[in-house]
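Observations on the model geometry
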Amino acid sequence: MAYYLDWETDSAGWPNREWSRFVDAADLRWHVQVMGEGPPLLLLHGTGASTHSWRDVMPRLAGHYTVIAPDLPGHAFTIRPPSGSLSLPGMASAVAALLRKLDVKPVRAAGHSAGAAVLVRMAADRLFAPADLVSFNGAFFPFGGMLGQFFSPLARTLANATLVQKLFARMADRAAVERLLRDTGSTIDAEGIGLYQRLFSNEGHVAGALGMMAAWDLHRMPQDLGGLPQPLTFVAAGNDRTVPPATAAEAARLTHQPHLVSLPGLGHLAHEEDPAAAAAIILAPRNAAPLPKQP
């Protein structure tokens, strides 16, 4: 298998493939899926995932919105730039450049895990101005204590270790991927497991995910949350073993217009486990705050 996923050879059976396109922006060639009609709505996946994680959510939204879901830099079919930043501000800036190239100004946006953090940084930096945001198990805070001291240096080491990336990709058989996903507290279908296996078996995708984790710095996130002009819905899955459900309540206390939704029995990949519930949460009407001028 090539170092990076190749659309011509690796996209067979990719969910919503007919809605895929490639767009050049911010020194990247983005894989983006655009589906539906109506006001634009942006979806961002989390670390290690791709557009596939929204595969069953997008069609449920497409009757109401033009849904835009990109592969983040270094993930799946959006290849990591040689000199590009996978940091939180770098990701936020890159996604904003993609939106400008697409000439869209999302009226709403939803993100999963690290994708939710990207949306918050974009909104806090006034890179876009949706009416509201939705966070599914948002990863808003750094690891604390000894774990935090250990994790960041380790991630940086692994991100720069080509041998580790090769070994991880070669060890990503179906049983290993099933265990990894199960450890998030989620139970997803066979198609989802197969898609994650395809991603985790690719060295380029593994390098992108590790690079994103290595560059991640969430210490400004409390300030970002406190400065949001938009209401933010925090969706917390009761069985999430990756981002504890209490994180949503902690983050909500920092925002001016929070709304909390609990999904008992679901894990970190709740939007994949129950896409109907995820879509219903996104579609639910909210009272939006007065918005700043669109950038």
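Small disclaimer: the values here were computed from a predicted structure and weren't measured. (Residues numbered from 1 in each chain as written. Predicted model: local features only at pLDDT ≥ 70, side-chain atom pairs only at ≥ 80, totals over all residues. Heavy atoms only, no water.)

1. Describing the sheet that holds strand S2 (residues 28–35)
With mixed pairing, the eight strands of this open sheet are ordered in space as S1-S2-S4-S3-S5-S6-S7-S8. Every interior strand has two partners, whereas the edge strands, strand S1 (20–25) and strand S8 (258–263), have only one. This sheet shows a mean twist of 25 degrees between the axes of neighbouring strands, independent of strand direction. Relative to S8, strand S7 (residues 232–237) runs parallel, the two being bridged by six bridges. Bridging from a neighbouring strand, Ala 236 pairs with Ser 262 of S8. On top of the sheet, helix H3 (residues 88–102) reaches S1, S2, strand S3 (40–44) and strand S4 (66–70); it is set at about 110 degrees to S1, its chief contact. Strand contacts of helix H4 (residues 114–124): S3, strand S5 (108–112), strand S6 (132–136) and S7, with the helix running at about 140 degrees to S5, the strand carrying the most contacts. (Pairing = 2+ DSSP bridges. Helix = DSSP H or I, 4+ residues; strand = E, 2+ residues; numbered from the N terminus. Axes fitted to C-alpha atoms, helices over the stretch in contact; angles between N-to-C directions. Contact = heavy atoms within 4.5 Å.)

2. Let's talk about the packing of H3 against H4
Two elements in contact, H3 and H4, have axes separated by 9 Å at closest approach and are oriented at 75 degrees. The pairing of H3 with H4 is recorded here as roughly perpendicular in orientation. Here H3 contributes Leu 88, Pro 89, Met 91, Ala 92, Val 95, Ala 96 and Leu 99 to the contact with H4, which in turn contributes Ala 117, Val 118, Arg 121 and Met 122. (Parallel < 35°, antiparallel > 145°, perpendicular 65-115°, else oblique.)

3. Looking at the confidence of the model for the protein
Residues at a pLDDT of 70 or more form 85% of the protein, whose mean pLDDT is 87. Contacts from residues 144–151, a stretch scored under 50 in pLDDT, to residues over four places away or in other chains number four contacts. Contacts for the low-pLDDT stretch residues 153–159, under 50 throughout, to residues beyond four places or in other chains number 12 contacts. (pLDDT = per-residue confidence, 0-100.)

4. Observations regarding the pattern of salt bridges
This structure, assessed with the given rule, holds 10 salt bridges. Here Asp 132 and Arg 108 are joined by a salt bridge, their closest N and O atoms 2.9 Å apart. Of the two residues, Asp 132 sits in strand S6 while Arg 108 sits in strand S5, which places them 24 residues apart along the sequence. The burial state of Asp 132 is the same as that of Arg 108; both residues are buried. Salt bridges sharing common partners tie together Arg 55, Asp 56, Asp 189, Glu 191 and Glu 272. (Salt bridge = Lys/Arg side-chain N within 4 Å of Asp/Glu carboxyl O. Buried < 20%, exposed > 50% of the residue type's maximum accessible area, 1.4 Å probe, protein only.)

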